Amino acid sequence: MVRLFSGQRAWVAQRFTAVMLLAAVLAGVAWLLLGEPLDYARWRALVTTPVGAVLTVLVFAMLAVHGWVGARDIVLDYVQPRGLRLALLGAILLILAATLIRVVLVLATHGAT
Amino acid sequence: MHLRIYRFNPDTDTQPRMQDYDITPEASDKKLLDVLVRLKSVDDSLSFRRSCREGICGSDAMNINGRNGLACLQSLDELKQPVVLRPLPGFPVIRDLIVDMTLFFAHYHSIKPYLINPESPPERERLQTPEQRERLNGLYECILCACCSAFCPSFWWNPDKFIGPAGLLQAYRFIADSRDTATAERLDYLDDVYRLYRCRTIMNCTEVCPKGLSPSHAIEQIRLALLKQSS
Amino acid sequence: MRTPSSTPLKFLNLWQIRFPIGAIASIAHRVSGVLLLIALPLLASVLARSLQSPAEFDALRAAAASTSGTLILALATWALAHHVLAGIRHLLMDIGIGSGLAQARRSARAALIAAPIIALYVLVRGLW
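Once a new chain begins, its residue numbering starts again from 1 and follows that chain's sequence as written. Whichever chain is written first is A, and whichever ligand is written first is 1; the rest continue in order. Residue-level local features of this predicted model are given only where pLDDT is at least 70; pairs of side-chain atoms are given and counted only at 80 or more, and the full residue set underlies all totals for whole chains, interfaces and linings. To obtain the side-chain values, all non-hydrogen atoms of the structure were used and water was disregarded.

## Here we look at the overall build of chain A
Turning to step 1, where the next piece is worked out: Helix and strand counts for chain A stand at 4 helices and 0 strands.
Turning to step 2, where the next piece is worked out: Helix and strand labels come from DSSP, where a helix needs a run of H or I of at least four residues and a strand needs a run of E of at least two; each type is numbered from the N terminus. Mapped in sequence order, the helices and strands of chain A form the string α-α-α-α.
Turning to step 3, where the next piece is worked out: Relative to its length of 113 residues, chain A is extended, with a C-alpha radius of gyration of 17 Å against a globular reference of 13 Å.
Turning to step 4, where the next piece is worked out: Counting all 113 residues of chain A, 41% fall into the buried class.
Turning to step 5, where the next piece is worked out: Within chain A, counting contacts between residues at least 6 apart in sequence, those at least 24 apart form 73% of the total.
Turning to step 6, where the next piece is worked out: Per-residue and other accessible areas follow the Shrake-Rupley method at a 1.4 Å probe size, with only the shown protein chains counted as cover for residues. For chain A, the accessible area works out to roughly 6,000 Å², and carbon and sulfur atoms hold 79% of it.
Turning to step 7, where the next piece is worked out: For this count, His and the chain ends are skipped, Lys and Arg are scored as positive, and Asp and Glu as negative. We put the charge of a Lys on NZ, of an Arg on CZ, of an Asp on CG and of a Glu on CD. In chain A, 9 side chains carry a positive charge and 4 a negative one; their mean positions are 14 Å apart. Both definitions apply: the radius of gyration is a C-alpha atom measure, and the globule rule equals 2.2 Å times residues to the power 0.38. Under the scheme applied here, a residue whose accessible area is under 20% of the maximum for its type counts as buried, over 50% as exposed, and between as partly exposed, the area being computed with a 1.4 Å probe on protein chains only. Note on definitions: a residue-residue contact is assigned when non-hydrogen atoms from the two residues lie within 4.5 Å.

Structural data, given as C-alpha cells:
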C-alpha cells in the first residue's frame, strides 16, 4: 500500500494531476464569475450532460490521485508506527475510492434521467 | 555578552538544561567560535566540536538563535542577544553541543561518494572540458557540516531513510561529473519514495548552507535527470 | 565517542527553531491540502444533493449563504487559493523557474499574502 505510486511515479502523478486540476480550477472560477447567475438549471446542465459528467468524474479522479499522493506523504512523515500507518493509509484509500464511486453513481443516475 | 547554551552531560543528567553565561569578548574576538573558546577556558565542562576555525572542516555546526550555522563563520556583531546555542536539531545529542553524526555519514557513504569508472585510467588523468568542470561548481565545495540536513524537516521525520540535502548534493556532484560512468545506477538508487522523494522543496537547506551552496537546486536537477532517464 | 542510548536525546523543539518563509509556505500548503482532502467527500455529498431537485439546490445555496456557511466557504477558499498558488510556485520551481533563494522567498511570501486576501473577498462578497 505504501508502494502504490512510489518514488518518481508518485512525483510525476502528483505534478500531472496538479496541472490538470489547475486548468479545472481556472475553468471553474471563470464559469462562476463570468457566466450567468448560478441556478439549478444551469448547474444541472453543466454536470449531467455526457461531456460534463465525464469531466466531473475525471476531476474527482484527479483529486483522488493527487490527494492520495499528498496524504501518503503526510503519513510517511508524521506517522512512524507501522500498524497505525497502514491503518491510516488504508482508511484514506477507502474514503477516496468510496468518494469516487459515489460521484460516478450520482452522475450515472442523473445523466440517465 | 550574554549567551544561553544547551547543556547535557549523559553521565549525570537525565534532561538537558539551558545555562546562562556572561562574558566580555576581547577585541580580537570576531566570530562566535572565538567566544566559545574563551568560555571553554573559564568552564572546561562546556563541550563542542571545532577544528580549523575557518569554515573548512565543518566541525562546529550548531543551532544559533534558531538557525543552523557554523560558529566559526558567525560574526559576533550580527548576533542578537542573548545568543541561544543548541545542538543541531534532530540529531542525537552526545553531550552539550556535540551530536552523533553516524546516520548522516551513513547516508553520505550510501550514495558512493567517489568516481566510478571501470575503463582503464589514462596515463596521466581523465580530462574534462572547462564546461564539464564548470558543472561541479557549487557541488564540490560542500564540507559535510550537516547544517542543511539538520534544518530539513523531512530529515527530522525520516533520518534513517531520507538521504537528506547534504547526501543528495553529494550524489548530484557525482551524477554531474563527466568522468563518472555510473549515472544510471546512481539515479536508479535514488528513485525511491524515501531516499530522494521526501524532499518537499521548502529550501531550508539552501537557507542555512554556510558555504552558500544550494542542495535544493541539486535535488531539482536529480529529479529532472530521473525524468529524462525514464522518458 | 559514546554510543547513543536506544532512545537518544534530541533537540527538536519546533517553537525554538526559526523557520524561513519557504517552510511557512510549505506547512500552509500541507494544512490547506488536508482541509481540501477533508472537503472532498463533503463535495461529493453536495454534488449528490444539489442534483436531487431545485428545492434541494436552493436549500444548499441558502446554507452556503448563512453565517457558518460563509465562514466555511471562506476557509475552503483560503485552502484552495493557497494550495493552488503554492502549487503553481512548486510546478515552476520544478523546472527551474524562480528556484533561486531570493525569488523563492518572494514567491512564498506572495502566496502567503494573496490567499487570505482572496478568502477575505469571498467572505465579504460571497461566492456569487
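## Some thoughts on the interface of chain A and chain C
Turning to step 1, where the next piece is worked out: Facing 33 residues of chain A, the contacting portion of chain C comprises 26 residues.
Turning to step 2, where the next piece is worked out: A 1.4 Å probe defines the accessible area here, and the buried area is the portion of it lost by two parts on being joined, summed over both. Overall, the association of chain A and chain C removes approximately 2,500 Å² of surface from exposure, summing both partners, and the carbon and sulfur fraction of that is 76%.
Turning to step 3, where the next piece is worked out: Definition of a polar contact: a pair of N or O atoms within 3.5 Å, with one able to donate and the other able to accept a hydrogen when the atoms are protein atoms, and with sequence-neighbouring residues admitted only if both atoms are side-chain atoms. At the boundary of chain A and chain C, one finds 9 residue pairs in polar contact (both at pLDDT 80 or more).
Turning to step 4, where the next piece is worked out: Elements supplying a minimum of two residues to the side of chain A that touches chain C: α1 (7–34), α2 (40–48), α3 (50–78) and α4 (82–112) of chain A.

## Here we look at helix α5 (residues 164–175) of chain B
Residues and elements named next belong to chain B.
Turning to step 1, where the next piece is worked out: Here the expected length of a helix is defined as 1.5 Å per residue gap, with one fewer gap than residues. The end-to-end C-alpha distance of α5 is 16 Å, a good match for the 16 Å that 12 residues give at a rise of 1.5 Å each.
Turning to step 2, where the next piece is worked out: Extensive coverage of α5 is indicated by the burial of 12 of its 12 residues.
Turning to step 3, where the next piece is worked out: Taken together, the buried positions of α5 are Gly 164, Pro 165, Ala 166, Gly 167, Leu 168, Leu 169, Gln 170, Ala 171, Tyr 172, Arg 173, Phe 174 and Ile 175.

## With respect to the interface of chain B and chain C
Turning to step 1, where the next piece is worked out: Contacts between chain B and chain C engage 35 residues on the former and 27 residues on the latter.
Turning to step 2, where the next piece is worked out: Criterion for a salt bridge: a side-chain nitrogen of Lys or Arg within 4 Å of a carboxyl oxygen of Asp or Glu. Linking chain B with chain C are 2 salt bridges, by the criterion used here.
Turning to step 3, where the next piece is worked out: In this structure, the connection of chain B to chain C is made through 7 residue pairs in polar contact (both at pLDDT 80 or more).
Turning to step 4, where the next piece is worked out: The residue classification treats Ala, Val, Leu, Ile, Met, Phe, Trp, Tyr, Cys and Pro as nonpolar and Asp, Glu, Lys and Arg as charged. All others, Gly included, are polar. For the side of chain B that touches chain C, the residue count by class is 19 nonpolar, 8 polar and 8 charged.

## A look at the environment of Leu33(B)
Residues and elements named next belong to chain B.
Turning to step 1, where the next piece is worked out: Inspection of the secondary structure puts Leu 33 in helix α1 (residues 32–42).
Turning to step 2, where the next piece is worked out: Residue class for Leu 33 comes out buried when judged on its relative accessible area of 3%.
Turning to step 3, where the next piece is worked out: For the pair formed by Leu 33 and Arg 53, sequence separation is 20 residues and the distance between their alpha carbons is 7.3 Å.

## Here we look at the confidence of the model for chain C
Turning to step 1, where the next piece is worked out: Averaged over chain C, the pLDDT score is 93; the fraction of residues at 70 or greater is 94%.
Turning to step 2, where the next piece is worked out: Here pLDDT means the predictor's own confidence in every residue, given as a number from 0 to 100. At the level of individual helices and strands, chain C shows its lowest average pLDDT in helix α2 (residues 54–65) of chain C, which scores 93, and its highest in helix α1 (residues 21–50) of chain C, which scores 97.

## Quick look at unusual backbone geometry
Residues and elements named next belong to chain B.
Turning to step 1, where the next piece is worked out: Gln 81 connects to Pro 82 through a cis peptide bond whose omega is 0°.
Turning to step 2, where the next piece is worked out: Relative to the helices and strands, Pro 82 is located in the loop between β4 (67–70) and β5 (83–86).
Turning to step 3, where the next piece is worked out: Non-glycine residue Asp 96 carries a positive phi angle of around 45°.
Turning to step 4, where the next piece is worked out: The residue Asp 96 is located in the loop between β6 (93–95) and β7 (98–99) in this model.
Turning to step 5, where the next piece is worked out: Of note, Lys 112 is a non-glycine position whose phi angle comes to about 55°, a positive value.

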